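Tertiary structure, described
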Amino acid sequence: MRRIDMNDTLWSRLLAIRNRQQGLPARTPEPALSLYGPIAAARGRFVLAQVGQSLDGRVATPFGDARDISGPDGIAHLHRCRALVDAVIVGIGTVKADNPRLSVRAVPGPDPVRVVIDCHAELTGEEGLFHDGGAPLILIQSDEASPRDYPADVIRLPRGENGLCPNDILEALEDRNLERILVEGGARTIARFVDQGLVDHLHVSIAPLIIGSGPQGISLPPIRTLSEAHRPSANIFSLGSDVLFDCRLREERNVSSARQRQKVQVTDKTAAALVDIG
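Sequence order as written defines the numbering, with residues in each chain counted from 1. Under the rules for a predicted model, residues below a pLDDT of 70 receive no local features and side-chain atom pairs below 80 are neither given nor counted, while totals for whole chains, interfaces and linings still include all residues. Side-chain measures were taken over the full set of non-hydrogen atoms in the model, leaving aside hydrogen atoms and water.

Quick look at the overall build of the protein chain
Numbering of helices and strands runs from the N terminus, with a helix taken as a DSSP run of H or I at least four residues long and a strand as a DSSP run of E at least two residues long. On a plain count of helices and strands, the protein chain comes out with 8 helices and 12 strands. Expressed as a percentage of the 278 residues in the protein chain, the buried residues total 47%. Whether two residues are in contact is decided by their heavy atoms: any pair within 4.5 Å suffices. Put simply, of all contacts in the protein chain between residues at least 6 apart along the chain, 71% involve residues at least 24 apart. As displayed, the protein chain offers around 13,500 Å² of accessible surface, 48% of which is attributable to carbon and sulfur atoms. Relative accessibility thresholds used throughout: buried, under 20% of the residue-type maximum; exposed, over 50%; partly exposed, between the two (1.4 Å probe, protein chains only). All accessibility values rest on the Shrake-Rupley procedure with a 1.4 Å probe; residue burial counts only the protein chains present in the view.

Written out as structure tokens, the structure reads:
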């Protein structure tokens, strides 16, 4: 396990890489460059998913309290990831539960464009995201939803049998030159992007607390055998207050493709439960 010891010089270098002012060395012994460099240096589509959870895999209590699960270093890590991407995606459930700002506050850096998946146009326009003076806001909605006026850019996409297609969402963002994407929550939103093979790296940040019950950080469709489980290669980093698993899902997809691994079909009920995307 390598420890992330961030300093102003390293962070300034990562921001320069993000802004195309510097390149990332092919090999580096510096843990911070190994962890954050692939995000900052990405060209074209790059999707990072981030989960902050307890030791027992929970992201909130059964009553919805999700504050302070990640320690201060885990929060700083999340904000670094936000600063290095072009846009951050959350589902409507995250907005309703947490009223997030999705800004960069714990570290210096640019705020990402904020993208909310609101398939059925449930947001009223009164939520804090619309009025906090933060980064631009994009709503992703079904073209079947009733049109509403929002102080935001609205992208309307066709709704399939299982909701909005994650790849369609990414393509719509690419049309706006938003290519480095952080999928931050909730669990079902992250699961849809992971399950469709669209995530390059998955960061799982684990804090030393046990909640005992409550929602999980990732909620994927069921599998029958462990041979069907995701087995990505991963590097492990100590953030200080939290431990981070940097899982490289693109490498796992290549291995899975070579094996021609079959996927388990899920019931319509299970698929319909992925409500964050529709």
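Next comes the rest of the account.
Let's talk about the pairing of strand 9 (residues 180-185)
Among the 6 residues that make up strand 9, 6 are buried, leaving the element largely enclosed by the rest of the structure. Paired strands, in this sense, are two strands between which DSSP finds at least two bridges. The sheet contact formed by strand 2 (residues 46-53) and strand 9 spans 4 bridges and is parallel. When the sheet's bridge partners are listed, Ala 49 is paired in strand 9 with Val 183. Across 4 bridges, the pairing between strand 3 (residues 87-91) and strand 9 is parallel. Each residue of the ladder has a partner; that of Ile 89, found in strand 9, is Val 183.

Details of the confidence of the model for the protein chain
A score between 0 and 100, pLDDT records how confident the predictor is in each residue. Taken as a whole, the protein chain shows an average pLDDT of 89; of its residues, 90% reach a score of 70 or greater. Across residues 258-275, where pLDDT falls below 50, the model places 20 contacts with residues more than four positions away in sequence or in other chains.

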